[in-house]
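Chain by chain, the residues:
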Protein chains: 2
Amino acid sequence: MTKPRSIDWNGCPTRYAAGIFGDKWCFLLLRDVLLHGKRTYSEFLGSPEGISTNILADRLSRLEAAGMLDRQTDPRKASRVCYFPTRKARDILPALIGVMVWSTKYDARTEAPESFAASFQSDPVGTIEWYEAEIDRVDGEIRGFARG
Amino acid sequence: MTKPRSIDWNGCPTRYAAGIFGDKWCFLLLRDVLLHGKRTYSEFLGSPEGISTNILADRLSRLEAAGMLDRQTDPRKASRVCYFPTRKARDILPALIGVMVWSTKYDARTEAPESFAASFQSDPVGTIEWYEAEIDRVDGEIRGFARG
DNA sequence: AATACAACTTGCAATTTGCAAGTATAAATT
DNA sequence: AATTTATACTTGCAAATTGCAAGTTGTATT
């Protein structure tokens, strides 16, 4: 029995999370898919941070393997691929928005409106529901049906 | 005017956060300092993930530069250094705990007790206050005085 | 049939990481 | 006073990862 070279990445909740989005690019891709309505490779590529194509492909497959994204060919055009956020991905919305509230407090150059933090703190459940409805709207538009 | 090689890392709240703890090791160090009462280089080094010494030194200085950690020599022993979490770091607690709640839901091998998520959801403010009090206790013990 | 999209893959240089070993300063021990 | 121990780093180097440019594949469009 030699000293293990890789650790068990499960068990500790923080470590589990770090294994999935404790990476700059995964983190930003989740932002794009959960908050900016992006679903395709080219849309992700267009984000201002400028991810390179090999890294994007790698991170998309990691997020798919982690059960965060659901990869499917676009029903409207078979040469296009869509990455839909799963329930597991949607469920990090509260934490993600919590992070954004924190950033708006400490980033002097924040672009977020002042109302953002206040409205989340006064009605967190309603805010999450609003974002979820937006996700449903985008996905429903692509899939060609609306959800209840 | 050539094409800029580094992007403006501010403005977008998610990007700001990604710049500070969108890194596995920074993320885990914040866990150690905010939730596990760790304050010194050797304590961080002892965490089960096995960070190497050069990376630890690098991440500690980054977190200090980002205003997340307050580096001070230990008043009890001048050969030792303590890294105290700042208010800015403490304010990430709600999001961090939100992430942990998410992990306990999706990590089959989670070590967190079932009560954890429930107690945070029923009384988020009280839960945060409890963690803050723990941080005060640890810091007060080191500094040799107790806070209100 | 030819062109254009969209989503990747490949090759390679440059940066970052991980590991082992070394250094610096202060405290404790002999 | 001299030696050992503790603590917090720094340095060197091989290995892994990243970023950039270019190429490939499958599907529309003209």
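Please refer to the structure placed before this passage.
What counts and how
Residues numbered from 1 in each chain as written. Chains lettered and ligands numbered in written order. Predicted model: local features only at pLDDT ≥ 70, side-chain atom pairs only at ≥ 80, totals over all residues. Heavy atoms only, no water. Least-squares fit on C-alpha atoms with pLDDT ≥ 70 in both. Contact = heavy atoms within 4.5 Å. Buried < 20%, exposed > 50% of the residue type's maximum accessible area, 1.4 Å probe, protein only. Helix = DSSP H or I, 4+ residues; strand = E, 2+ residues; numbered from the N terminus. Pairing = 2+ DSSP bridges. Core = buried A, V, L, I, M, F, W, Y, C linked by side-chain atoms within 4.5 Å. Near = heavy atom within 4 Å. Polar contact = N/O pair within 3.5 Å; in protein donor to acceptor, adjacent residues only side chain to side chain. Phe/Tyr/Trp six-rings, centres within 6.5 Å; stacked < 30°, edge-to-face > 60°. Lys NZ or Arg CZ within 6 Å of the ring centre and 35° of its normal. Buried area = accessible area lost by both parts, 1.4 Å probe. Salt bridge = Lys/Arg side-chain N within 4 Å of Asp/Glu carboxyl O. Nonpolar A, V, L, I, M, F, W, Y, C, P; charged D, E, K, R; others polar.

Points about the relation of the copies chain B and chain A
- Superposing chain B onto chain A requires a rotation of 180 degrees together with a translation of 0.0 Å along the rotation axis, leaving an RMSD of 0.0 Å. What the superposition gives is, in effect, a two-fold axis relating one chain to the other.
- Comparing interface residues between copies, 100% of those in chain B also lie at the interface in chain A; the contact surface is shared.

Regarding the pairing of strand E2 (residues 81-85) of chain A
Residue and element names in this part refer to chain A.
- Counting buried residues along E2, 4 of its 5 residues qualify, which places the element largely inside the surrounding structure.
- Pairing analysis gives 5 bridges linking strand E1 (residues 69-73) to E2, with the strands arranged antiparallel. The partner of Asp70 across the bridge, within E2, is Phe84.

With respect to the nonpolar core
- One finds Phe21(A), Leu34(A), Met68(A), Phe21(B), Leu34(B) and Met68(B) to be the most contacted residues of the largest nonpolar core, which totals 77 residues.
- If we ignore the near neighbours within four places in the chain, the residues touching Phe21(A) are Cys26(A), Phe27(A), Leu30(A), Met68(A), Ile92(A), Val99(B) and Trp102(B).

Description of the protein's contact with DNA strand C
- Neighbouring residues of DNA strand C: 18 residues in total, closest Ser42(A), Thr53(A), Arg71(A), Tyr83(A) and Arg59(B).
- One of the side-chain nitrogen or oxygen atoms of Arg71(A) is found 2.7 Å away from a phosphate oxygen of DNA strand C.
- At the level of elements, helix H3 (41-45), helix H4 (53-65) and E2 of chain A together with helix H4 (53-65) of chain B are the ones that each hand at least two residues to the surface near DNA strand C.
- With 4 residues, H4(B) is the largest single contributor of residues to the surface near DNA strand C.

A few points about the packing of aromatic side chains
- Going through the model one piece at a time under the given rule, you end up with 10 aromatic pairs over all chains.
- Considering the side-chain rings of Trp130(A) and Tyr131(A), the 5.2 Å spacing of their centres and the 85 degrees angle between planes classify their relative orientation as edge-to-face.
- Relative accessible area serves as the criterion here: at 14%, Tyr131(A) is assigned to the buried category.
- Taken together, the aromatic side chains of Tyr16(A), Phe21(A), Trp102(B) and Tyr106(B) make up a single cluster linked through ring pairs.
- Residue placement shows Arg143(A) over the ring face of Phe84(A); its charged tip is 3.8 Å from the ring centre.

Structural notes on the interface of chain B and chain A
- Between chain B and chain A, the residue contacts involve 43 residues of the former and 43 residues of the latter.
- It is Pro13(B), Thr14(B) and Trp102(B) that lose the most area in chain B upon contact with chain A, and together they represent 18% of the buried surface on that side.
- Here chain B is connected to chain A by 4 salt bridges.
- Two residues, Asp91(B) and Lys105(A), come together in a salt bridge whose shortest N-O distance is 2.8 Å.
- Taken together, the links from chain B to chain A amount to 18 residue pairs in polar contact (both at pLDDT 80 or more).
- Residue assignment for the side of chain B that touches chain A shows that the elements contributing at least two residues are helix H1 (13-21), helix H2 (24-35), helix H5 (87-90) and helix H6 (93-106) of chain B.
- By residue class, the composition of the side of chain B that touches chain A is 22 nonpolar, 8 polar and 13 charged.

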